[in-house]
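Chain by chain, the residues:
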Amino acid sequence: MASSTVRPGPEGRPQEHDVARRLLDSAAMLAYDPATEVDWETPLDKDFHGASPEWSTLYGTAYWHEMTDAQRKELTRQEAASVASTGIWFEMILQQMVLRDVYAKDPTSADVQWALTEIADECRHSIMFARGAQKLGAPAYRPHRLAVELGRAFKTVAFGEAAYAAILVAEEVLDVMQRDWMRDERVVPFVRTINNIHVVEESRHMKFARAETRKHLAGAGRLRRHIHAFVIAVASYVIVTSMVNKDVYANAGLDAERAIGEAKANEHHKSMMRSSCSGLMDFLASARLLTRPALVFYKRAHLI
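Residues numbered from 1 in each chain as written. Predicted model: local features only at pLDDT ≥ 70, side-chain atom pairs only at ≥ 80, totals over all residues. Heavy atoms only, no water.

J.: Explain the layout of surface pockets to me, and be specific about the residues and the numbers.
T.: It is a probe the size of a water molecule, rolled over the atoms, that shows where empty space is left. Estimates place the volume of the largest pocket at around 820 Å³. Every element with two or more residues in the lining of the largest pocket is listed here: helix H4 (69-102), helix H7 (160-183), helix H9 (222-241), helix H11 (256-264) and helix H12 (267-276). No other element matches the four residues that H4 contributes to the lining of the largest pocket. Split into classes, the residues belonging to the lining of the largest pocket amount to 16 nonpolar, eleven polar and six charged. (1 Å grid on protein atoms, 1.4 Å probe; cavity = no way out; pocket = protein on both sides within 12 Å on 5 of 7 lines; lining within 4 Å. Points joined across faces, edges and corners; volume = space filled by probe spheres on them. Helix = DSSP H or I, 4+ residues; strand = E, 2+ residues; numbered from the N terminus. Nonpolar A, V, L, I, M, F, W, Y, C, P; charged D, E, K, R; others polar.)

J.: Provide a residue-level description of unusual backbone geometry, including the pertinent values.
T.: Even without glycine at this site, Ala104 takes up a positive phi of about 70°. Checked against the element boundaries, Ala104 lands in the loop between H4 and helix H5 (110-135).

J.: Residue-level account of H5, with values.
T.: The terminal C-alpha atoms of H5 lie 37 Å apart, and with 26 residues this matches the ideal 38 Å at 1.5 Å per residue to within 8%. After H5 finishes, the residue Gly137 shows a positive phi value of roughly 80°. (Expected span 1.5 Å × (residues − 1).)

J.: Got a sec to walk through the environment of Arg210? Specific residues and values, please.
T.: Summarising the element assignment, Arg210 is placed in helix H8 (residues 189-217). Each residue touching Arg210, except ones within four places of it in the same chain, is listed here: Leu168, Glu172, Gly279 and Phe283. (Contact = heavy atoms within 4.5 Å.)

J.: Explain the nonpolar core residue by residue, including any values.
T.: In terms of nonpolar packing, the biggest core is built from 96 residues, with Leu58, Leu75 and Tyr249 touching the most fellow members. Apart from the residues lying within four places of it in its own chain, the contact partners of Leu58 are Tyr63, Trp64, Met67, Leu75, Glu79, Tyr249, Leu254, Ala259, Glu262, Ala263 and Asn266. (Core = buried A, V, L, I, M, F, W, Y, C linked by side-chain atoms within 4.5 Å. Buried < 20%, exposed > 50% of the residue type's maximum accessible area, 1.4 Å probe, protein only.)

Printed below as a string of structure tokens:
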């Protein structure tokens, strides 16, 4: 997968087909049904956080130190619900892009069958996130109107490496924070289960997205590479800055104006975001997708 060229597999098949076949085999061996794996029946225990406190947008600020333990826990529950809601929004975009990519292709191929498997995973994840956010006692958080409309345009026109690399950015950022949450005994158990399911199944999606990004870039010229590098960076900025809705602070009983101001200036959270994306940025650099215009948006989103 480290190469940007497509080489024949051991039986003359292109390498990307081997990747898809291995992922299909993995999905057959290890997949989850959130309807039965997650404890939906036990009432929410408010003695737990909704996410690791260190990932809160206010962690380490003066406001955080003034908050009661109950307020901190409520804030992390609202923030976790907002991240889940943003995940649903982007998974809907992802599903449409993948379906468009495989439309009218050979359904007997491993690539198409894996794509359909991925879409089925994302449908289950979206329902799981929705039920999780509801159980956390949060409203239906949605990205602001401009993000929704940009997402509508992106899912309609994005193709090739632009689609798959944007998928990779969203999933990589979620993956790192959710790995922390699923291991953290301070986090409410049903959220830890949700995160574990998502981390296991999304690891396969990320492998495919990396392989597809490299495959599509193999024949890309300089102009196409630069245009798509810019599109990917803008999409990444919109996705990442939409993760935590500003309404979480008021819904957690905080002074929203003060909380928003301190969150924007929170160097600890910016550092957490940058560290979570180090591997992703290495991949984008190796694929020559970190152009100067793209770097502007990654820096503004605190991903680099």
